[in-house]
Amino acid sequence: MGDDGGTLIHSCVLVMKAMDVEATAKELAAEVINRRAAPRFPVEGDASLVVLKHDCRVLCRIADLSMDGCRIEAQREFRAGLQERVEVSFTVNGLLFRFNGVTQWTDGRRLLGIRFVDVTSRRRDELAEILGEVEQDNAAKAAEKAAAAAMAAQAEDEAIGHAQQPGCDPALETLSA
């Protein structure tokens, strides 16, 4: 009859090895995608960008911020090259920031990633303090949102529970009305 048990075990081992390779590939891909050294925090606010070699100013919105850089969105289509020296200005929590930087990436339309360069230690400290505030604000907003969702779910559960109590047949109530 043959060794079907041995073949089955061998097949299972091959499948498990393939799964390990796939999982490792996914982990490596995630590492490449998220290789930033510092966490980014969503922020909103007006910003401006000056491309230094062209002395051209563009109005923008800041979308996220980290200790190393930011993502901005130009108000109109704006094509910047990679590694262009820029100056970016923005306000977060009422504090104005101005940093020298270089363009790290662009989507070719309106989005740009800026890496800050030549940041003084004093300015780094101020940025760290503001990012701490932003992190606390974002956590508080997330907690409020989660609490509101929990309250809505509880209210929905109570409404369903009330409708399903013995003697509360919605079909009968409709007929008797």
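Owing to the predicted nature of the structure, the values given are computational and were not obtained by experimental measurement. (Residues numbered from 1 in each chain as written. Predicted model: local features only at pLDDT ≥ 70, side-chain atom pairs only at ≥ 80, totals over all residues. Heavy atoms only, no water.)

### A word on the overall build of the protein
Our working rule: Each helix is a run of DSSP H or I of at least 4 residues and each strand a run of E of at least 2, with the numbering of both proceeding from the N terminus. Using a 1.4 Å probe on the protein chains alone, a residue whose accessible area is under 20% of its type maximum counts as buried, one over 50% counts as exposed, and one in between counts as partly exposed. Residues are treated as being in contact if the distance between any of their heavy atoms lies within 4.5 Å. For accessible areas, the Shrake-Rupley method is used with a probe of radius 1.4 Å. Any residue's cover is judged against the shown protein chains and nothing else.
Regarding its fold elements, the protein presents 3 helices and 6 strands. Traced from its N-terminal end to its C-terminal end, the protein shows the element sequence α-β-β-β-β-β-β-α-α. Residue burial in the protein is summarised as follows: out of 177 residues, 25% are buried. The contacts in the protein between residues at least 6 apart in sequence include a share of 51% that link residues at least 24 apart. Counting every atom, the protein has about 12,400 Å² of accessible surface; 56% of that belongs to carbon and sulfur.

### Notes on the nonpolar core
Our working definition: By convention a nonpolar core is built from buried Ala, Val, Leu, Ile, Met, Phe, Trp, Tyr and Cys residues, the set being connected through side-chain atoms within 4.5 Å.
In this structure, Leu49, Leu65, Ile72, Val88, Phe90, Ile114 and Phe116 are the most contacted members of the largest nonpolar core, which totals 29 residues. Those elements giving two or more residues to this core turn out to be strand E1 (41-51), strand E2 (56-65), strand E3 (69-74), strand E4 (85-92), strand E5 (95-106), strand E6 (111-117) and helix H2 (121-163). Considering each element in turn, this core owes the most residues, 5 residues, to E1. Filtering out sequence-adjacent residues up to four positions away, Phe90 remains in contact with Asp46, Ala47, Ile62, Leu65, Leu95, Leu96, Phe97, Phe99 and Phe116.

### Side note on the pattern of salt bridges
Once their charged atoms are close, side chains differing in charge can pair, the charge on each being opposite to the other. Condition: By definition here, a salt bridge exists when the distance from a side-chain nitrogen of Lys or Arg to a carboxyl oxygen of Asp or Glu is within 4 Å.
Tallying each qualifying case throughout the model produces 11 salt bridges. With a shortest N-O distance of 4.0 Å, Asp68 and Arg124 are connected by a salt bridge. You can see Asp68 sitting in the loop between E2 and E3 and its partner Arg124 sitting in helix H2, a full 56 residues away along the chain. Across the pair Glu126 and Arg123 runs a salt bridge whose closest N-O atoms are separated by 2.3 Å. One end of the pair, Glu126, and the other, Arg123, are both in helix H2, 3 residues apart, so they sit about a helical turn from each other. One connected set of salt bridges, linked through shared partners, spans Arg40, Asp64 and Arg71.

### Here's the deal with the state of the cysteines
Rules: Pairs of cysteine sulfur atoms within 2.5 Å are what we label disulfides.
Tallying each qualifying case throughout the model produces 0 disulfides. Between Cys60, a cysteine without a disulfide, and Cys70, which holds the nearest cysteine sulfur, the sulfur-to-sulfur distance is 8.9 Å. Note on Cys60: relative accessible area 1%, which makes it buried. For Cys70, a relative accessible area of 0% corresponds to the buried category.

### So, unusual backbone geometry
For Gln83, which is not glycine, the phi torsion reads 60° and is therefore positive. Mapping Gln83 onto the fold places it in the loop between E3 and E4. For Asn93, which is not glycine, the phi dihedral falls at a positive 50°.

### Concerning the confidence of the model for the protein
For the record, the criterion: Per residue, pLDDT captures the predictor's confidence, and it can take any value from 0 to 100.
Here the protein shows a mean pLDDT of 80. Residues at 70 or above account for 71%. Note that pLDDT drops below 50 for residues 12-16; the model gives that stretch 0 contacts with residues more than four away or on any other chain. This stretch, residues 28-33, has a pLDDT under 50; its non-local contacts, to residues over four places away or in other chains, come to 0 contacts.

### As for the pairing of E6
Along any regular strand, the residues point their side chains to alternate faces of the sheet. To be explicit about the condition: Between any two strands, at least two bridges found by DSSP are needed for them to pair.
Where burial is concerned, most of E6 is hidden: 5 out of the 7 residues are buried. In the sheet, E3 pairs with E6 via 5 bridges, with the strands oriented antiparallel. Across the sheet, residue Gly69 finds its bridge partner in E6, namely Arg115. Pairing between E5 and E6: 6 bridges, direction antiparallel. If you follow Thr106 over to E6, its bridge partner there is Leu112. Between the antiparallel neighbours E5 and E6 lie 4 residues, among them Gly108 with a positive phi of about 85°.

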